[in-house]
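These are the residues of each chain, in order.
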Amino acid sequence: MDSGTALVPIGGFSARSPGQQIRVLGQVVGCTGSRQAWAPHRHGVPHPGLVLFQRELKEQLQALQDSEREHTEALQLLKRQLAETKSSTKSLRTTIGEAFERLHRLLRERQKAMLEELEADTARTLTDIEQKVQRYSQQLRKVQEGAQILQERLAETDRHTFLAGVASLSERLKGKIHETNLTYEDFPTSKYTGPLQYTIWKSLFQDIHPVPAALTLDPGTAHQRLILSDDCTIVAYGNLHPQPLQDSPKRFDVEVSVLGSEAFSGGVHYWEVVVAEKTQWVIGLAHEAASRKGSIQIQPSRGFYCIVMHDGNQYSACTEPWTRLNVRDKLDKVGVFLDYDQGLLIFYNADDMSWLYTFREKFPGKLCSYFSPGQSHANGKNVQPLRINTVRI
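- Under the annotation held in an unreviewed UniProt entry, the protein carries the name B30.2/SPRY domain-containing protein and is attributed to Diceros bicornis minor.

If you want it as structure tokens, here you go:
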């Protein structure tokens, strides 16, 4: 090959950016001398170096076109997210406004009812007092008249006159003597004092939705190592021998788990689970049709939407792979909110209602609440049960 057409190895370009490679190509072309050096060989065959450079430029063009497509798709995604965020914010403003307006309306209605009740109690008490004032005023005048009669008789100095009037005293004093016997009821001030805000809150509780539901556990689904309370609201892992329970397709045989007795196929639901003093647990939702036999991967693709406490003080959402949750303080009580129709499952720290994690899914079929207290240990760790928090008002 002519020394004036010496080539730089093409492989050396691959590690460079597109701009660097083009600059290097330009330098190579500039160093090769006259145009004749790149002229086609005899019989019109392109120079090999030119072919390689063209191939390299086409590859760079393809890379830039791919990058252009990726940037375009990214921008489209960002624009969609921008529009969705604005739309979601508008919708959430409406939701928040409606929620507070409902509470304000309930408070106004309760305030109106309480004030009307106060006015009714006041009117009843005042009427009773005024009637008694009128009656006792009339009785007082008669008593005073009787006292005047007796004073006049006692003031009579003439014995014959005094004795002559004694016979008529009984008739004259008739109806003049009354016993007081005053009875009355205290005005019910205690009804409107004391822990007034708490009293109002309790009266509103029946109108607030959703509130912690009184879920129960389904004994027919419980692993034979699990022990349930009589009211089926508490579940603990038992270290004794497995209970002689009849096996069925409903019962978990490997995972120490149990389902709630209610299946959800729509609507909005909320419940709370007490997890205090435990080092391991799993709670959430499971498809009613999800497998309950053998070792189960707790993840959405298997029909489970859960969060887990593991390694004593770590919390994760059971996604694929797990998503570590940012939890500052150890959880004592977890709130689970399900909006089936919107495809939302949200977990909260139920003590302060701070958000933990959200699953967004299109739920196929019925869902059941899912509970696993985890295995307890001989050293006393994780022996506490899981307990459904039932709010009684």
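Here we look at the overall build of the protein
So, point 1. Counting secondary structure elements, the protein contains four helices and 13 strands.
So, point 2. Looking at the 393 residues of the protein, the share that counts as buried comes to 31%.
So, point 3. Across the protein, the fraction of contacts at a sequence separation of at least 24, relative to all contacts at a separation of at least 6, is 64%.

A closer look at a nonpolar patch on the surface
So, point 1. Residues Leu92, Ile96, Phe100 and Leu103 make up a contiguous nonpolar surface patch of about 380 Å² in total accessible area.
So, point 2. Of note, Leu103 is situated in helix H2 (residues 48-155).

Some points on the sheet that holds strand E6 (residues 304-310)
So, point 1. The strand order across the open sheet formed by six strands is E3-E12-E5-E6-E7-E8, and the pairing between neighbours is antiparallel. Two strands lie at the open edges of the sheet, namely strand E3 (258-264) and strand E8 (323-324), each paired on one side alone.
So, point 2. Where E6 lies against strand E7 (residues 314-317), four bridges are found, and the strand directions are antiparallel. Of the residues in E7, the one forming a bridge with Met309 is Tyr315.

Details of the UniProt feature "coiled-coil region" (unreviewed entry) in the protein
So, point 1. In this structure's numbering, the residues bearing the UniProt feature "coiled-coil region" (unreviewed entry) are residues 50-84 and 126-153.
So, point 2. Annotation note: span residues 50-84, helix share 100%, strand share 0%, distance between end C-alpha atoms 50 Å.
So, point 3. In residues 126-153, the share of helix is 100% and the share of strand is 0%. The end C-alpha atoms are 40 Å apart.

Focus: the sheet that holds strand E4 (residues 268-274)
So, point 1. Strands sit in the order E1-E2-E13-E4-E9-E10-E11 across an open sheet of seven strands; the sheet is antiparallel. Strands at the two margins of the open sheet, each flanked by one partner only, are strand E1 (226-228) and strand E11 (354-360). Within the sheet, the average angular offset between the axes of one strand and its neighbour, ignoring direction, is 20°.
So, point 2. Examined bridge by bridge, strand E9 (residues 333-339) and strand E10 (residues 344-349) share six bridges and lie antiparallel to one another. Considered in E10, the bridge of Asp339 is made with Leu344.

Re helix H4 (residues 196-205)
So, point 1. Among the residues making up H4, those that are buried are Ile200, Leu204 and Phe205. One side of H4 carries all its buried residues, which in axial view fall inside an arc of 145°.
So, point 2. Packing partners of the buried residues in H4 comprise H2.

A word on the packing of H2 against H4
So, point 1. Viewed as axis vectors pointing N to C, H2 and H4 meet at an angle of 115°, and their least axial separation amounts to 11 Å. With respect to H4, the element H2 is oriented roughly perpendicular. At the point where H2 passes H4, the crossing takes the right-handed sense. Between H2 and H4, the contacting residues are Leu106, Leu107, Arg110 and Met114 on the first element and Leu196, Ile200, Ser203 and Leu204 on the second.
So, point 2. Residue classes in the contact of H2 with H4 are distributed as six nonpolar, one polar and one charged.

Comments concerning the pattern of salt bridges
So, point 1. With the rule as written, the count across this model stands at six salt bridges.
So, point 2. A salt bridge links Asp121 to Arg124; the nearest nitrogen and oxygen atoms lie 2.2 Å apart. On the criterion of helical spacing, the pair formed by Asp121 and Arg124 is a turn pair, its members being three residues apart in helix H2.
So, point 3. Looking at Asp121, the relative accessible area reads 4%, which means it is buried.
So, point 4. With its nearest N and O atoms 3.2 Å apart, the salt bridge here joins Lys132 to Asp128. Taken together, the residues span about one helical turn, with Lys132 and Asp128 both in helix H2 at a distance of four residues.
So, point 5. On the basis of relative accessibility, which here comes to 14%, the residue Lys132 falls in the buried class.

Let's talk about the nonpolar core
So, point 1. Core analysis: the largest hydrophobic core is formed by 37 residues, its most contacted members being Trp271, Trp281, Ile307, Val334, Leu338, Leu345 and Phe371.
So, point 2. Phe252, Ile296, Val308 and Tyr370 belong to the second-largest nonpolar core, a separate cluster that totals 13 residues.

With respect to the pairing of E11
So, point 1. Two elements, E10 and E11, share six bridges in a ladder whose sense is antiparallel. Within the sheet, the bridge partner assigned to Phe347 lies in E11 and is Tyr357.
So, point 2. Linking E10 to E11, which pair antiparallel, is a turn of four residues; within it Met353 sits at a positive phi near 60°.

A look at the packing of aromatic side chains
So, point 1. The tally for this structure, following the rule as stated, stands at ten aromatic pairs.
So, point 2. Plain terms: the ring middles of Tyr198 and Trp201 are 5.8 Å apart, the flat faces sit at 25° to each other, and that makes the pair stacked. Highlighted residues: Tyr198 and Trp201, both in helix H4, separated by three residues, approximately one helical turn.

Thoughts on the confidence of the model for the protein
So, point 1. On average, residues of the protein score 84 in pLDDT, and 84% of them reach the 70 mark or higher.
So, point 2. Contacts of residues 1-15 to residues separated by more than four positions or lying in other chains number 16 contacts, the stretch itself having pLDDT below 50.

Considering the environment of Arg102
So, point 1. Summarising the element assignment, Arg102 is placed in helix H2.
So, point 2. Sequence spacing of Arg102 and Asp207 is 105 residues, and the spatial spacing of their C-alpha atoms is 9.7 Å.

Things to note about the environment of Ser376
So, point 1. Along the chain, Ser376 turns up in the loop between strand E12 (367-372) and strand E13 (386-388).
So, point 2. For the pair formed by Ser376 and Thr279, sequence separation is 97 residues and the distance between their alpha carbons is 9.0 Å.

Conventions and cut-offs
- Residue numbers restart at each chain and count upward from 1, following the sequence in its written direction.
- For a predicted model such as this one, the threshold for reporting local features is a pLDDT of at least 70, and the threshold for listing and counting side-chain atom pairs is 80 or more; totals across whole chains, interfaces and linings nevertheless cover every residue.
- Values shown for side chains rest on all heavy atoms present in the structure; no hydrogens or waters enter the calculation.
- Numbering of helices and strands starts at the N terminus; helices are DSSP runs of H or I of at least 4 residues and strands are runs of E of at least 2.
- Exposure is judged per residue with a 1.4 Å probe applied to protein chains only, and the accessible area is read against the type maximum: over 50% gives exposed, under 20% gives buried, and values in between give partly exposed.
- The contact rule is simple, with two residues in contact once any of their heavy atoms fall within 4.5 Å.
- Patches in this entry comprise residues that are over 30% relatively accessible and not in a salt bridge; like charges within 9 Å are linked, as are nonpolar side chains (Val, Leu, Ile, Met, Phe, Trp, Tyr) within 5 Å.
- For accessible areas, the Shrake-Rupley method is used with a probe of radius 1.4 Å. Any residue's cover is judged against the shown protein chains and nothing else.
- Here, a salt bridge means any side-chain nitrogen of Lys or Arg that lies within 4 Å of a carboxyl oxygen of Asp or Glu.
- Note: two strands are recorded as paired if DSSP finds a minimum of 2 bridges between them.
- UniProt positions are given in the numbering used here, feature names are shortened, and annotations may be inferred rather than shown by experiment.
- For every element, the axis is a line fit to its C-alpha atoms; helices are fit only across the contacting stretch, and the angle between N-to-C directions ranges from 0 to 180 degrees.
- Working note: the arc is built from the helix axis to C-beta atom directions.
- The cut-offs work like this: below 35 degrees is roughly parallel, past 145 is roughly antiparallel, 65 to 115 is roughly perpendicular, and the gaps in between are oblique.
- Two helices crossing with the near one rotated counterclockwise from the far one by less than a right angle form a left-handed crossing, whereas a clockwise rotation gives a right-handed crossing.
- As a working rule, the residues Ala, Val, Leu, Ile, Met, Phe, Trp, Tyr, Cys and Pro are called nonpolar, Asp, Glu, Lys and Arg charged, and the rest polar, with Gly in that last group.
- The definition of a nonpolar core used throughout is a set of buried Ala, Val, Leu, Ile, Met, Phe, Trp, Tyr and Cys residues joined through side-chain atoms within 4.5 Å.
- Whether two aromatic rings pair depends on their centres lying within 6.5 Å, for rings of Phe, Tyr and Trp, where Trp uses its six-membered ring; planes under 30 degrees apart make the pair stacked, over 60 edge-to-face, and the rest tilted.
- Values of pLDDT, ranging from 0 to 100, describe the predictor's confidence in every residue of the model.

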